[in-house]
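Close look at the chain arrangement
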Amino acid sequence: MEYRHLGRSGLMVSEISYGNWITHGSQVEEDAAVECVRAALDEGVTTFDTADVYAGTRAEEVLGRALKGVRRESLEIFTKVYWPTGEGKNDRGLSRKHITESINGSLRRLQTDYVDLYQAHRYDVETPLEETLRAFDDLVRQGKVLYVGVSEWSADQIARALKIADDMGFDRLVSNQPQYSMLWRVIEAEVVPLCEKEGLGQIVWSPIAQGVLTGKYLPGQPPPAGSRATDPSGSGFIGRLMDDDLLRRVQDLKPIAADLGLSMAQLAVAWVLQNPNVSSAIIGATKPEQVRDNVKASGVKLDAEVLKKIDDVLGPVVERDPAKTVSPSARP
Ligand SMILES: NC(=O)c1ccc[n+]([C@@H]2O[C@H](COP(=O)([O-])OP(=O)(O)OC[C@H]3O[C@@H](n4cnc5c(N)ncnc54)[C@H](OP(=O)(O)O)[C@@H]3O)[C@@H](O)[C@H]2O)c1
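Residues numbered from 1 in each chain as written. Predicted model: local features only at pLDDT ≥ 70, side-chain atom pairs only at ≥ 80, totals over all residues. Heavy atoms only, no water.

Rules: UniProt positions are given in the numbering used here, feature names are shortened, and annotations may be inferred rather than shown by experiment.
Under the annotation held in an unreviewed UniProt entry, the chain carries the name Aldo/keto reductase and is attributed to Microbispora catharanthi. In its Sequence similarities (unreviewed entry) section, the UniProt entry covering the chain states "Belongs to the shaker potassium channel beta subunit family."

**Here's the deal with the pairing of strand β10 (residues 278–283)**
Rules: To sort residues, take the accessible area from a 1.4 Å probe on protein chains only and compare it with the maximum for the residue type: under 20% means buried, over 50% means exposed, and anything in between is partly exposed. Secondary structure follows DSSP: runs of H or I at least 4 residues long count as helices, runs of E at least 2 residues long count as strands, and numbering of each begins at the N terminus. One requirement defines pairing of two strands: DSSP has to find at least two bridges between them.
A large share of β10 lies buried, amounting to six of its six residues. Summarising the sheet, strand β3 (residues 16–19) and β10 pair through three bridges and their orientation is parallel. The residue bridging Tyr 18 from the neighbouring strand is Ile 283, located in β10. Bridge count between strand β9 (residues 201–205) and β10: four bridges; the pairing is parallel. In the sheet register, Trp 205 faces β10, and the bridge partner there is Ile 282.

**Thoughts on helix α8 (residues 244–251)**
Inclusion rule: Arc definition: it is the arc formed by the directions from the helix axis to the C-beta atoms. Throughout, a residue-residue contact means that at least one pair of heavy atoms, one from each residue, lies within 4.5 Å. We define a polar contact as two N or O atoms separated by no more than 3.5 Å, with the added condition that, inside protein, one atom must be a possible hydrogen donor and the other a possible acceptor, whereas residues neighbouring each other in sequence contribute only through side-chain atom pairs.
Among the residues of α8, Leu 246, Leu 247, Val 250 and Gln 251 are the ones counted as buried. Looking straight down α8, one finds that the buried residues subtend no more than 145° of arc, so they occupy a single side. Buried positions along α8 lie against α9 (254–260) and α10 (264–273). The N-capping residue of α8, defined by a side-chain oxygen 3.3 Å from the backbone nitrogen of Asp 245, is Asp 243.

**Structural notes on empty space enclosed by the protein**
Selection criterion: Put plainly, a pocket is an open set of points on a 1 Å grid over the protein atoms alone with protein on both sides within 12 Å along at least five of seven lines, a cavity is a set where a 1.4 Å probe fits but cannot get out, and a lining residue has an atom within 4 Å of a point. Grid points are joined across faces, edges and corners, and a volume is the space filled by probe spheres set on the points. Residues are grouped as follows: Ala, Val, Leu, Ile, Met, Phe, Trp, Tyr, Cys and Pro are nonpolar; Asp, Glu, Lys and Arg are charged; all remaining types, including Gly, are polar.
Summed over the entire model, instances satisfying the criterion amount to one cavity of 30 Å³ or more. What the largest cavity holds in volume is close to 30 Å³. In this structure, the largest cavity is lined by Leu 94, Tyr 123, Asp 124, Thr 127, Leu 129, Thr 132 and Trp 153. Looking at the lining of the largest cavity, its residues break down into four nonpolar, two polar and one charged.

**Some details on the site of the ligand**
To keep it simple, the criterion reads: Neighbouring residues are identified by heavy atoms, a residue being near a molecule or strand if any of them is within 4 Å of it. Using the Shrake-Rupley algorithm and a 1.4 Å probe, accessible areas are obtained, with residue cover drawn only from the displayed protein chains.
Around the ligand lies a shell of 34 residues, among which Asp 49, Ser 206, Lys 216, Arg 228 and Thr 286 are the nearest. Here an oxygen atom of the ligand and a side-chain polar atom of Asp 49 are 2.6 Å apart. Within the side chain of Asp 293, one N or O atom sits 3.1 Å away from a nitrogen atom of the ligand. Within the complex, the protein chains bury 96% of what would otherwise be the 910 Å² of accessible surface of the ligand. Put simply, the parts of the chain that give the shell around the ligand at least two residues each are β10 and α11 (288–294). A total of three residues in the shell around the ligand trace back to one element, the largest contributor, which is α11. Looking at the shell around the ligand, its residues break down into 11 nonpolar, 17 polar and six charged.

Put into structure tokens, the structure is as follows:
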């Protein structure tokens with residue numbers, strides 16, 4: 001495993017992190033979840049990503065139990081706040097109240113005194129940005145949070161946050177967590193150039209497009225049994241990708257991966273890591289074998305000719321529109 005700085009901060013992260021959305025506390029039983037975490041640790045993964053909202057808060061509990069006994073200083077634990085964690089009108093968003101209450105719940109469930117990175121899971125149009133950033137800064141002062149970042153914020157939203165932080169002397173954002181893969185490149189035009197200039201790193205999610213870039217979903221055929229596309233909690237998210245033209249083009253990536261001696265998952269994870277603004281690629285897994293396969297992408301270099309071949313194969317199914325980075329227009 002190779003390690004990178006998180007943006008321009010002093011924090012080192014594993015260039016492949018392990019995340020537990022849809023899996024822990026939901027799609028997979030706890031034994032399988034713990035085995036995946038163990039496999040990640042064995043392979044040198046030190047960075048773990050979760051969120052208060054995953055599996056209705058159960059995902060943080062599972063991760064807390066799975067990491068119990070591991071030397072805390074050897075781990076970077078990331079979590080997030082914004083999406084609803086309860087029925088109450090204040091159980092959501094980025095108000096000072098919800099941020100304060102949510103971090104306390106996350107720390108309890110994760111069984112730790114602090115998280116390494118606390119991320120605003122989306123932009124909250126109903127809270128003044130200054131209120132959110134001051135609340136984040138307070139958590140840093142209290143030692144509950146070491147670094148702060150955001151997820152799926154547009155370049156304009158990130159730029160406004162940096163300006164306020166600089167004017168007010170608040171801790172600066174060090175990272176953004178966007179969706180990024182060969183198929184979804186919407187950060188490249190605006191978010192990445194701003195973040196490179198300002199020293200934020202990308203911690204990218206769904207690098208293998210939720211399993212699609214492994215090539216296991218075949219055009220015109222039902223999804224394989226037990227895969228995310230058949231799971232009640234996962235199928236809604238992966239549905240957009242179940243398009244025959246897209247799936248056919250993904251099949252055409254197989255010779256490229258084979259020529260390089262890589263699995264399809266390794267090719268997909270390696271692809272996002274070629275972008276120097278990416279600090280880490282967060283992989284998900286339902287089985288430890290998937291973790292062991294995907295982590296081998298660390299350190300793989302893809303040359304310009306390979307990148308061009310991938311672009312030629314995928315052609316029009318690649319999404320590049322920066323306007324696709326959106327947060328809800330009202331609090332969920
Ligand atoms: N900030 C955000 O808004 C946001 C949103 C989404 C995710 N995330 C973060 O990103 C993490 C990763 O997202 P993701 O799970 O969508 O990532 P992903 O790595 O693109 O997809 C993971 C899924 O693909 C399948 N898979 C993985 N490796 C495989 C292999 N070698 N062969 C065959 N199938 C394989 C597994 O599903 P099956 O076995 O079920 O098919 C696995 O659960 C999340 O856990 C979370 O931490 C953040």
